[in-house]
Amino acid sequence: MLILSQSDTLYITNIYLFIELLFVCFVHIFCDFLHIIYSIILFTVIYLIKEETAISKFRIYIVIIAILLLIISFFVYLKNSISSHTSHTEVLLGTVVNISVYGEDSKQAVDEAFDIIRDMESKMSINIKDSEVNRINDNAGLAAVKVSYDTFEVVKQSIEYSVISDGGFDITIAPVVELWGIGTENERVPLQNEIDTVLDKVDYRDIELNNPYIKLKYKDMKIDLGAIAKGYTADKIYERLKDMNIDNAVIDIGGNISLIGSKSDKQPYDIGIQDPFKKRGLHFGKILLEDKTIVTSGTYERFFEKNSVKYHHIISPYDGYPIDNSIESVTIVSVDSTAADGLSTALFSMGIETALEAIEGIEETECIIVDSNKNIYLSSGIADFRITNDEFRLAE
Ligand code: AMP
Ligand code: MG
């Protein structure tokens, strides 16, 4: 039988204590501050329990190593939780996308966000040959096409915005958008008879929905989800990041912004709203926001000028021309980015008065409209907005 001497027992106890502390500290380096506190308590308890045993030199070394590991784990924690920040920019969905995530798992969160964007792009982009949207378009007047939940949902919600705007918002505007080619190398003012021919194909009531199938009733009809897909994508990313317990993030899909929480210093984000008369990055006002989405539709986004006339990219389904109702931009602040994106374009098409009236009936949704005379119109619930360029003024 093996009989242990007192020094053997002490040695084994110390080894055990050492391994346990190493393990606890090692685990905690990858965990958070609460765990560090817990490890300090655990350490103290173990120390007190063993108090009656002699204090050997070896034990003092253990204590020093353990304290060093605790200090290291504390700084690793600080680095992870305070300064961990991942930001990535890429051109996707026909625009510049920037995702910034703060906190632990920020790298994985950004990677997943871009995976979602690529997935949405592969389904809804009109510029990707075999996207679901292009399959719907290629089968116009011929067959119903089976689509994903996402594409079905976006088309379904688009029709709701068509109803709200009395047809001013209409994803079947695609053939007219294509004819104008605004923002492409083929941009031009089309002939009236060309406009008349394609305008004939525009009517959201000719989209047949039979979940999960979508059919365009007539040949040569086409849909374009450019007015709403970015918002839907932002919502998908928001949900995924929330599931990952991300508390601070900015999802910016070409100016379609969704905020998770507040800034890492707990202050609200101060979001500048683009001056529709100036180059990108210059704003006429700012608004403090947290955990909200803000989306702007404006004449400045894509346009060309011919004979001193500005032709922009939001087209009237009524006459086939860029909408001319004195609105320069519509900004929507909401909790739902799909709604904000859909409504920014829909309200643009409605004109100032009707738009302001409509927004009051939509919960948790506000708007800021700018007209061609630099007048600013606010819905009744807009808060924490200030004008930063004194050429602009609040409309009476
Ligand atoms: P947004 O920037 O969200 O206002 O969307 C504008 C984009 O939606 C355009 O570039 C077109 O691709 C498309 N579009 C243009 N006019 C309309 C319209 N009346 N209804 C729906 N989508 C439109
Ligand atoms: Mg829109």
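These notes cover the structure that comes with them. (Residues numbered from 1 in each chain as written. Chains lettered and ligands numbered in written order. Predicted model: local features only at pLDDT ≥ 70, side-chain atom pairs only at ≥ 80, totals over all residues. Heavy atoms only, no water.)

## Quick notes on the packing of aromatic side chains
For step 1, the next point in the chain: Tallied over the entire structure, the rule returns 7 aromatic pairs.
For step 2, the next point in the chain: Taking the centre distance of 5.3 Å and the plane angle of 75° together, the rings of W180 and Y321 count as edge-to-face. Separated by 141 residues along the polypeptide, W180 in helix α7 (residues 174-180) and Y321 in the loop between β12 (309-312) and β13 (327-334) bring together distant segments of the chain.
For step 3, the next point in the chain: Here the aromatic residues W180, F304, Y311 and Y321 are joined through ring pairs into a cluster of three or more.
For step 4, the next point in the chain: One Lys or Arg, K310, reaches over the ring of F303 and ends 4.6 Å from the middle of that ring.
For step 5, the next point in the chain: Geometry around F277 places K374 over its ring, the cationic atom sitting 5.1 Å from the centre. (Phe/Tyr/Trp six-rings, centres within 6.5 Å; stacked < 30°, edge-to-face > 60°. Helix = DSSP H or I, 4+ residues; strand = E, 2+ residues; numbered from the N terminus. Lys NZ or Arg CZ within 6 Å of the ring centre and 35° of its normal.)

## Re the nonpolar core
For step 1, the next point in the chain: Grouped together as the largest cluster of nonpolar side chains are 62 residues, with contacts concentrated most on I99, I207, I223, L225, I237 and L347.
For step 2, the next point in the chain: Contact partners of I237, with chain neighbours within four places excluded, come to I99, A113, I116, I117, I251 and I253.
For step 3, the next point in the chain: Core analysis: the second largest hydrophobic core is formed by 17 residues, I257, I271, F284 and I294 among them. (Core = buried A, V, L, I, M, F, W, Y, C linked by side-chain atoms within 4.5 Å. Buried < 20%, exposed > 50% of the residue type's maximum accessible area, 1.4 Å probe, protein only. Contact = heavy atoms within 4.5 Å.)

## Regarding a nonpolar patch on the surface
For step 1, the next point in the chain: A contiguous nonpolar surface patch, about 220 Å² in accessible area, is contributed by L378, I387 and L394.
For step 2, the next point in the chain: With respect to the element layout, L394 can be found in strand β17 (residues 393-394).
For step 3, the next point in the chain: Under the relative-accessibility criterion, L394 is labelled partly exposed at 44%. (Patch = residues over 30% accessible without salt bridge, like charges linked within 9 Å, V, L, I, M, F, W, Y side chains within 5 Å. Areas by Shrake-Rupley, 256 points an atom, 1.4 Å probe, with all protein chains shown as cover. Salt bridge = Lys/Arg side-chain N within 4 Å of Asp/Glu carboxyl O.)

## Here's the deal with the coordination of the magnesium ion (ligand 2)
For step 1, the next point in the chain: Bound to the magnesium ion (ligand 2) on the protein side are A227 (O), D341 (O), D341 (OD) and T345 (OG1), at distances that span 2.2 to 2.5 Å.
For step 2, the next point in the chain: All donors of the magnesium ion (ligand 2) belong to a single chain; written as a sequence motif, their spacing is A-x113-D-x3-T. With D341 and T345 both in helix α10 (residues 337-350) and 4 residues apart, the pair spans about one turn of that helix.
For step 3, the next point in the chain: By relative accessible area, D341 is classed as buried at 5%.
For step 4, the next point in the chain: Of the residues examined, T345 reaches a relative accessible area of 12% and is grouped as buried. (Donors = N, O, S within 2.8 Å, 3.2 Å for Na, K, Ca; no water.)

## Structural notes on the pattern of salt bridges
For step 1, the next point in the chain: Evaluated as defined, the whole model comprises 16 salt bridges.
For step 2, the next point in the chain: Linking D119 and K123 is a salt bridge whose minimum nitrogen-to-oxygen distance equals 3.1 Å. Note that D119 and K123 are positioned in helix α4 (residues 106-124) at a spacing of 4 residues, about one turn of the helix.
For step 3, the next point in the chain: The class for D119 is partly exposed, based on a relative accessible area of 33%.
For step 4, the next point in the chain: Accessibility expressed as a relative area gives 14% for K123, which makes it buried.
For step 5, the next point in the chain: Counted as one network, the salt bridges with shared partners bring together D119, K123, D150 and K236.

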